[in-house]
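Take a look at the letters that make up each chain.
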Amino acid sequence: MPRLLCVCLLAVSVALRAAETPDPGKTYFGRKQYVEYIAGSLPFVLSAPHGGRDKPDELPDREKGTFAFDTNTQELARAIDDEFVARTGQHPHVVLCRVTRRKIDCNREIAEGAAGNPLTEQSWKDFQGFIQTAQKAVIAQYGKGFYIDLHGHGHADARLELGYAHDRQEFGLADTELAKPEFIKKGTLQFFALKNPAAYPALLHGPQSFGALMEKAGFPSTPSLGKPVPGEPYFNGGYNVRTHTAPGTGFAGLQIESHSKGVRDTDASRRKFATALVEQLATYLDAQMGLKLPLKPKAK
Ligand SMILES: [Zn+2]
């Protein structure tokens, strides 16, 4: 009688060494699963640094910094991943911090983000290292890529705040100022925007801007056609988006600070937002970077 072999799948954490190429669709973890990396095969890297819920005792609470929890942004990033898989059959690269911001800030320099604790520093490096691994994989496959760092804000104006590393008031400058290469170099779209400086003002708040596209899809945004100059308060882009779109990365990108209601408050909201984001990002990347996301028609 043939003996049945029972193969038990163990939930083991998979380590990824820096030199290794990640396997698309596979999930990798940093130390103690505090940081998670879903490897992909699309030219898009998404990270969520402030949606962590875990509170491991071994990592001390930080004394100084900002501790606001970006509620449900981890879940929102996972919904975006699911939508990409549904529409393309492929994953983007997704990097998630699973530990509370009280203990680690993966969108600050290491000194503030890990507050000098060696174990926290290891997880901070895991997070940043996975983004770099993802970017290298994208560059090897496509030669260029796009990055979004995903957050949540609690500002009164319920609107997506898109951060390009420009100060709020700068969006009100004359187009001739916005189109200067010195100005473009301060921003997170410089990788492709420098090729056509005259188009930069429109890229920030014209009809083809990411904000205008999301607005058309039902998500008020700024800067955009509807609100070309952000109000106050406004988040203009932090450590991650600046670092991972710097010259030499081959990446452009932006930071999304999302409001809660209708975007990340419920499973239905997250799915609706994910649907719009994937659709609009495909349009944007094709038009601005010549990157084609292989979207299948929407299932009815
Ligand atoms: Zn945040």
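Residues numbered from 1 in each chain as written. Predicted model: local features only at pLDDT ≥ 70, side-chain atom pairs only at ≥ 80, totals over all residues. Heavy atoms only, no water.

Peer 1: Please clarify how the packing of aromatic side chains should be interpreted in this entry.
Peer 2: Given two aromatic rings, their pairing is described by the distance between the two centres and the angle made by the two planes. Scanning the entire structure with this criterion turns up nine aromatic pairs. Measuring from centroid to centroid gives 6.2 Å for phenylalanine 171 and tyrosine 234, while their planes differ by 85°, and the two rings are edge-to-face. Residue phenylalanine 171 is found in the loop between strand 6 (160-163) and helix 4 (175-178), and its partner tyrosine 234 is found in the loop between strand 7 (221-222) and helix 9 (239-243); the two are separated by 63 residues along the sequence. Of the two residues, phenylalanine 171 and tyrosine 234, both sit in the buried class. Members of the aromatic cluster, connected to one another through ring pairs, are Tyr28, Tyr37 and Phe130. When the ring centre of phenylalanine 67 is taken as origin, the NZ or CZ atom of arginine 102, which lies over that ring, is 4.0 Å away. Over the aromatic face of phenylalanine 191 sits the side chain of lysine 195, whose NZ or CZ is 4.6 Å from the ring centroid. (Phe/Tyr/Trp six-rings, centres within 6.5 Å; stacked < 30°, edge-to-face > 60°. Helix = DSSP H or I, 4+ residues; strand = E, 2+ residues; numbered from the N terminus. Buried < 20%, exposed > 50% of the residue type's maximum accessible area, 1.4 Å probe, protein only. Lys NZ or Arg CZ within 6 Å of the ring centre and 35° of its normal.)

Peer 1: How do you make sense of helix 3 (residues 118-142) when you look at a structure like this?
Peer 2: Owing to its 3.6 residues per turn, the α-helix brings residues three or four apart onto one side. With 25 residues, helix 3 should reach 36 Å at 1.5 Å per residue; the first-to-last C-alpha distance of 36 Å fits that figure. Backbone nitrogen of leucine 119 and a side-chain oxygen of the N-cap are separated by 3.1 Å at the start of helix 3; the cap is asparagine 117. Directly after helix 3, the chain includes glycine 143, whose backbone phi takes a positive value near 85°. (Expected span 1.5 Å × (residues − 1). Polar contact = N/O pair within 3.5 Å; in protein donor to acceptor, adjacent residues only side chain to side chain.)

Peer 1: Whenever I open this one, the pattern of salt bridges confuses me. Can you help?
Peer 2: Pairing of side chains with opposite charge becomes possible as their charged atoms draw close. Under the definition given, this model contains 17 salt bridges. Put simply, arginine 159 and aspartate 157 hold a salt bridge, and the shortest N to O gap is 2.9 Å. Each of Arg101, Asp105, Arg108 and Glu112 takes part in one network of salt bridges that share partners. (Salt bridge = Lys/Arg side-chain N within 4 Å of Asp/Glu carboxyl O.)

Peer 1: Please clarify how the sheet that holds strand 5 (residues 145-152) should be interpreted in this entry.
Peer 2: Sheet strands pair by backbone hydrogen bonding; their relative direction is either parallel or antiparallel. Strand order in the open sheet formed by eight strands is 1-2-4-3-5-8-6-7, with mixed pairing between adjacent strands. Every other strand in the sheet has two partners, leaving strand 1 (27-29) and strand 7 as the edge strands with one partner each. Sheet topology note: the strand 6/strand 7 ladder contains two bridges and is parallel. Its bridge partner lying in strand 7, leucine 160 is registered against serine 221. (Pairing = 2+ DSSP bridges.)

Peer 1: Would you mind showing me how to read the coordination of the zinc ion here?
Peer 2: Ideal donor angles around a metal are set by the shape: a four-donor tetrahedron calls for 109.5 degrees, a six-donor octahedron for 90 or 180 degrees. Protein coordination at the zinc ion: the donors are His50 (ND1), Asp70 (OD) and His151 (ND1), at 2.0 to 2.2 Å from the metal. Here the donor residues of the zinc ion share one chain and are spaced in sequence as H-x19-D-x80-H. Here histidine 50, found in the loop between strand 3 (44-48) and helix 1 (73-88), pairs with aspartate 70, found in the loop between strand 3 and helix 1; they are 20 residues apart in sequence, far enough to count as distant. The residues histidine 50 and aspartate 70 share a single accessibility class, namely buried. (Donors = N, O, S within 2.8 Å, 3.2 Å for Na, K, Ca; no water.)

Peer 1: What is the right way to look at the pairing of strand 5 in this model?
Peer 2: Side-chain direction in a regular strand flips from residue to residue, so the side chains alternate between the two faces of the sheet. Burial of strand 5 is extensive: eight of the eight residues sit out of reach of the surface. Two elements, strand 3 and strand 5, share four bridges in a ladder whose sense is parallel. What sits directly across from serine 47, in strand 5, is aspartate 149. By the bridge criterion, eight bridges tie strand 5 to strand 8 (residues 251-258) in an arrangement that is parallel.

Peer 1: What is the right way to read the nonpolar core from this model?
Peer 2: In globular proteins that are soluble, nonpolar side chains generally tend to be buried together. Core analysis: the largest hydrophobic core is formed by 49 residues, its most contacted members being Ile80, Phe146, Leu189, Phe210, Ile256, Phe273 and Tyr284. Of all the elements, helix 10 (residues 267-289) adds the most residues to this core, at ten residues. Setting aside anything within four residues of it in sequence, one finds leucine 189 in contact with Phe146, Tyr164, Tyr200, Leu203, Ala252, Gly253 and Tyr284. Ranked by size, the runner-up nonpolar core spans 22 residues in total, among them Tyr28, Val95, Cys97 and Phe251. (Core = buried A, V, L, I, M, F, W, Y, C linked by side-chain atoms within 4.5 Å. Contact = heavy atoms within 4.5 Å.)

Peer 1: What's the story with the environment of lysine 186 in this structure? I'm lost.
Peer 2: Summarising the element assignment, lysine 186 is placed in the loop between helix 5 (181-184) and helix 6 (190-193). Of the polar contacts made by the side chain of lysine 186, one reaches the side chain of glutamate 170; its length is 3.0 Å.

Peer 1: How should I be thinking about the pairing of strand 6 in this particular structure?
Peer 2: Covered by surrounding structure in strand 6 are Leu160 and Leu162 together with Glu161 and Gly163, the residues of both alternating faces. Two strands pair when backbone bridges link them, and strand 6 and strand 8 are joined in this way by three bridges, in the antiparallel orientation. Looking at the pairing, leucine 162 lines up with isoleucine 256 of strand 8.

Peer 1: What's the story with the side chain of arginine 264 in this structure? I'm lost.
Peer 2: Its location among the elements puts arginine 264 in the loop between strand 8 and helix 10. Aspartate 70 provides the closest opposite charge to the buried, unpaired arginine 264, separated from it by 6.5 Å. A distance of 2.9 Å separates a polar side-chain atom of arginine 264 from the backbone oxygen of threonine 71. Once residues lying within four places of it in the same chain are set aside, the contact partners of arginine 264 are Asp70, Thr71, Asn72, Thr73, Leu76, Gly152, His153, Ser258, His259, Ser269 and Arg270. (Lys, Arg positive; Asp, Glu negative; His and termini not counted.)

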